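Coordinate analysis (summary)
Okay, here's what each chain looks like letter by letter:
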Amino acid sequence: MKKKRILSGAQPSGLLHIGNYFGMIRRMIDFQDSSDLFCFIANYHSLTSINNKEELEKNTFNAFSDLLALGLDHKKSTIWVQSHVPEVTELTWILSNFTSVGLMQRSTSYKDKVANGLSPNMGLFSYPVLMAADILLYDATHVPVGDDQKQHLELCRDIAQKFNTDFEIENFLQVPEPLIQKEFSRIMSLKDGSKKMSKSELSDLSRINLTDDKDLIINKIKKAKTDPLPMPNTLKELDERLEAKNLLGIYSSLTNSTLQKSVENFAGKNFSEFKQKLSEALVDKIEPISTEIKKLLDDKSYLDNTLLEGVERANIIASKKIKRIKEIVGF
Ligand code: TYM
């Protein structure tokens, strides 16, 4: 049987955080031994929010180090920087012609980003087409993402199907399956349980970054928003208590437990007691990673060489696919 090809990416628009880890990276690592794994740093996408050369370069290296420190193995997987394979922008243009403006206008992430102050430019508008190109250029069969990317993947599937139908080539563009976990598919901000934890949120207190040290983690959890009641007794209560739900969700993800079990563990206790356990679990997980990230960032030539290996592999697949696509459309 053909191996699954698992592909996903993360934008270097800021420091990677535990939402990125639980939503995507951890699940990628789980597939590493059984699948053909492709993971990239989506720096073209980050141009929609960053126009500072130093910041973009620094974030790109940081994100790459994060992936390695978390356990993505460049010998088993293909890891690269998106802009190092520029064929993806060529494919974006081609795919734009198979993309309905009406569908794009429904993009909730576009509307949210503009509402949050990003400039409503064409890059931001056509962001999901570039994302479709990322996936279709590499024939990905499965794409693990957090819940926030669901709509983008639906659009990618629509674009692939339209292309295949218009050119009457069944299954030429691989229609990918999204892999979105059922529980905790969206980790929320530590400051507001109704908002996604995000790299671009102004307050650093809203997230736990993978580079945070022990003191920072303890402080952020201490300051994390809660409510005046004791810890909830039932799952049902969580519907009304978003912050408690989020923190218990993070705790469950860290301890590989169910939400039900975590609720039972802390039912009726004070938040301070729970927060202490949560901080401990976070420190246990994040501290070794942040130490490894710092070590990797000090070895620039290792990072450069490792990146080169990945891009070579990505290039072989991308150049074959784009050549065939160009023949099909008549270039
Ligand atoms: P990005 O960089 O915002 O996030 C990377 C991955 O982390 C997930 N994620 C979350 N999961 C749970 N809770 C959260 N709070 C949270 N925040 C982020 C995201 O769902 C994502 O899986 N557009 C993508 C990058 C991208 C991509 C692609 C992904 C570009 N091309 C092709 C897959 C396939 C993005 O901005 O992810």
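Preceding this paragraph is the structure being described.
Residues numbered from 1 in each chain as written. Predicted model: local features only at pLDDT ≥ 70, side-chain atom pairs only at ≥ 80, totals over all residues. Heavy atoms only, no water.

This part is about helix α4 (residues 87-96). Because each turn of an α-helix spans 3.6 residues, side chains separated by three or four positions in sequence point in the same direction. Looking at α4, one finds that the buried residues are Glu87, Val88, Leu91, Thr92, Ile94 and Leu95. The buried residues of α4 occupy an angular sector of 165 degrees when projected down its axis, which confines them to one face. (Buried < 20%, exposed > 50% of the residue type's maximum accessible area, 1.4 Å probe, protein only. Helix = DSSP H or I, 4+ residues; strand = E, 2+ residues; numbered from the N terminus. Arc of directions from axis to C-beta.)

Topologically, arginine 207 is positioned in the loop between β5 (177-179) and α10 (214-223). When residues no more than four places from it in sequence are discounted, the contact partners of arginine 207 are His17, Leu190, Met197, Ser198, Lys199, Ser200, Glu201, Leu202, Asp212 and Lys220. (Contact = heavy atoms within 4.5 Å.)

It is worth spelling out the site of the ligand at this point. In the region of the ligand, 27 residues are neighbours, and Tyr127, Asp134, Asp148, Ile187 and Lys199 sit closest. Take glutamine 11: an N or O atom from its main chain is 2.7 Å from an oxygen atom of the ligand. Take asparagine 20: an N or O atom from its side chain is 3.1 Å from an oxygen atom of the ligand. Considered on its own, the ligand offers 700 Å² of accessible surface; in the complex 98% of this is hidden by protein. Put simply, the parts of the chain that give the shell around the ligand at least two residues each are β1 (5-10), α1 (18-31) and α8 (127-136). Each residue belonging to the shell around the ligand can be placed in one class, and the counts come to eleven nonpolar, eleven polar and five charged. (Near = heavy atom within 4 Å. Polar contact = N/O pair within 3.5 Å; in protein donor to acceptor, adjacent residues only side chain to side chain. Areas by Shrake-Rupley, 256 points an atom, 1.4 Å probe, with all protein chains shown as cover. Nonpolar A, V, L, I, M, F, W, Y, C, P; charged D, E, K, R; others polar.)

In this section: the pairing of β1. When you tally the buried positions in β1, you get five out of six residues, the bulk of the element. With six bridges connecting them, β1 and strand β2 (residues 36-41) associate as parallel partners. If you follow arginine 5 over to β2, its bridge partner there is aspartate 36. Taken together, β1, α1 and β2 constitute a β-α-β crossover, and its handedness is right-handed. (Pairing = 2+ DSSP bridges. Right-handed = clockwise from strand over helix to strand, strands pointing away.)

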